[in-house]
Amino acid sequence: MPILSLSELFLDMPVEILSRSGEARISAVISDSRRVVPGCLFVAVRGSSFDGHRYIPEVVKQGAAAIVGMEADISPGVPYIQVRDTRIALPLIAAAFYGYPGRKLTMIGVTGTDGKTTTTNLIFQILRAAGLKTGMVSTVNAVIGEKMLDTGFHVTTPEPIDVQCYLAMMVESGLTHAVLETTSHGWSQHRVDACEFDIGVLTNITHEHMNEHGNYENYRAAKARLFSSLEWTLPKPQGNPRLGVINRDDPKSFDFLNDFIKVNKLNYGLSE
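These figures come from a predicted structure and were not determined experimentally. (Residues numbered from 1 in each chain as written. Predicted model: local features only at pLDDT ≥ 70, side-chain atom pairs only at ≥ 80, totals over all residues. Heavy atoms only, no water.)

## Remarks on the packing of helix α8 (residues 216-232) against helix α9 (residues 251-260)
Closest axis-to-axis distance for the α8/α9 pair is 11 Å, and the angle between their directions is 45°. With respect to α9, the element α8 is oriented oblique. In terms of crossing hand, the pair formed by α8 and α9 is right-handed. Residues Tyr 216, Arg 220, Ala 224, Phe 227 and Ser 228 of α8 form the contact with α9, whose participating residues are Lys 252, Ser 253, Phe 256, Leu 257 and Phe 260. Split by residue class, the contact of α8 with α9 holds six nonpolar, two polar and two charged. (Axes fitted to C-alpha atoms, helices over the stretch in contact; angles between N-to-C directions. Helix = DSSP H or I, 4+ residues; strand = E, 2+ residues; numbered from the N terminus. Parallel < 35°, antiparallel > 145°, perpendicular 65-115°, else oblique. Left-handed = near helix turned anticlockwise from the far one by under 90°. Contact = heavy atoms within 4.5 Å. Nonpolar A, V, L, I, M, F, W, Y, C, P; charged D, E, K, R; others polar.)

## Section: the sheet that holds strand β2 (residues 17-21)
Backbone hydrogen bonds are what pair the strands of a sheet, in a parallel or an antiparallel way. Taken together, the five strands give an open sheet; going across it, the order is β2-β7-β6-β5-β4, and neighbouring strands pair in mixed fashion. Since the sheet does not close on itself, it has two edges, and those belong to β2 and β4 (28-30), each with one partner. Within this sheet the neighbouring strands show an average axis-to-axis angle of 15°, counted without direction. Pairing geometry for strand β5 (residues 40-43) and strand β6 (residues 66-69), over three bridges, is parallel. Note that in β6 the partner of Phe 42 across the bridge is Ile 67. (Pairing = 2+ DSSP bridges.)

## A short note on the pairing of strand β7 (residues 80-83)
Side chains Tyr 80 and Gln 82 of β7 all project onto a buried face; the interleaved residues Ile 81 and Val 83 project onto the opposite face, where all are buried too. Summarising the sheet, β2 and β7 pair through four bridges and their orientation is antiparallel. Bridge assignment links Arg 20 to a residue of β7, and that residue is Ile 81. As paired elements, β6 and β7 share three bridges and run parallel to each other. By the bridge assignment, Ile 67 is partnered in β7 with Tyr 80. (Buried < 20%, exposed > 50% of the residue type's maximum accessible area, 1.4 Å probe, protein only.)

## Observations concerning the packing of helix α3 (residues 86-97) against helix α5 (residues 160-172)
Contact pair α3 / α5: the axes reach a minimum separation of 9 Å and the direction vectors enclose 25°. Of the possible angle classes, the one that applies to α3 and α5 is roughly parallel. The interaxial crossing formed by α3 with α5 has right-handed handedness. Packed against α3, whose contacting residues are Leu 90, Pro 91, Ala 94 and Ala 95, the element α5 presents Pro 160, Ile 161 and Gln 164 at the interface. By residue class, the composition of the contact of α3 with α5 is six nonpolar, one polar and no charged.

## Here's the deal with unusual backbone geometry
At Asp 73, a residue that is not glycine, the phi angle is positive and equals roughly 55°. Positionally, Asp 73 belongs in the loop between β6 and β7.

## So, the packing of aromatic side chains
Counted according to the given criterion, the structure contains three aromatic pairs. Between the aromatic rings of Phe 97 and Tyr 98, the centroid separation amounts to 5.1 Å while the plane-to-plane angle is 85°, which identifies the pairing as edge-to-face. Measuring from ring centre to ring centre gives 5.3 Å for Phe 256 and Phe 260, while their planes differ by 25°; the resulting arrangement is stacked. Linking Phe 256 with Phe 260, this pair stays in helix α9, spanning four residues, or about one helical turn. The partly exposed category is assigned to Phe 260, whose relative accessible area is 26%. (Phe/Tyr/Trp six-rings, centres within 6.5 Å; stacked < 30°, edge-to-face > 60°.)

## Thoughts on the sheet that holds strand β8 (residues 106-111)
Taking strand neighbours across the sheet as the criterion, the eight strands line up as β11-β10-β9-β12-β8-β13-β14-β15 in an open arrangement whose pairing is mixed. The open sheet has two edge strands with one neighbour each: β11 (147-150) and β15 (264-268). Sheet twist, expressed as the mean angle between neighbouring strand axes with direction ignored, is 15°. Bridge count between strand β9 (residues 134-137) and strand β12 (residues 177-181): four bridges; the pairing is parallel. Note that in β12 the partner of Met 136 across the bridge is Val 179. On top of the sheet, helix α4 (residues 116-129) reaches β8, β9, β10 (141-144), β12 and β13 (199-202); it is set at about 170° to β12, its chief contact. Strands β13, β14 (243-247) and β15 of the sheet are contacted by α9, whose axis makes an angle of about 155° with β14.

## Things to note about the environment of Gly 244
Tracing the backbone shows Gly 244 in strand β14. Using a relative accessible area of 0% as the deciding quantity, one classes Gly 244 as buried. When the C-alpha positions of Gly 244 and Val 36 are compared, they lie 38 Å apart, and in sequence the two are 208 residues distant. Excluding its chain neighbours within four sequence positions, the residues that come into contact with Gly 244 are Gly 200, Phe 227, Leu 230, Ile 261, Val 263, Asn 264, Lys 265 and Leu 266.

Given below as structure tokens:
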């Protein structure tokens, strides 16, 4: 595991810092108070049914070396960095801690309502059959070299710290390509914002998950973040195609994304 100072961790990171106090050496990044270890940076995330800020006194007692939060006028007794939105900052902090692994891999993201896991596995197996050193993260498992890890969720994209850890393990294992299954929930919660995707693939978009997103337009917009993220990806030494692959046979998603995507596009389908 790397050990970084707060200054090193936040160097050139596109996160707006509202206030900052103190310096510390960081040996882990944690957002779950139950997983706090001595020397970690605890990022207090606020959700619909919980607020990580409530646990700041507890995690300091457990040995957290520094805190990132959104609340002002906090003196937790350890260095504190105030940002505007910890949920947005968390994937960037995790990526920085692990050395921005997505920048060292060709990153392929798969999203859609149906067939995400199957499509992710198909692309993964095709790339491996082509002789490319490829890893995979799905809602079922992560495959890194000869290791198969249970992601433990089976419903949605893993948390951003876990995602960046998996990508760092791929880099350390000498892999060159990564295929990630990305859910609308994962995109709306910014879990994969710092993955630096090169290629985005859509299966389809149907009227599901309305309880999570409110309406079809919000659900579609969450999926579309995969394709807008292709514009954020920095140039990579190995090149990055910035390619969106969309389903011509799914008219609702195709008509929207064909106009929405600003990078290279390919479409596929069974009809002429």
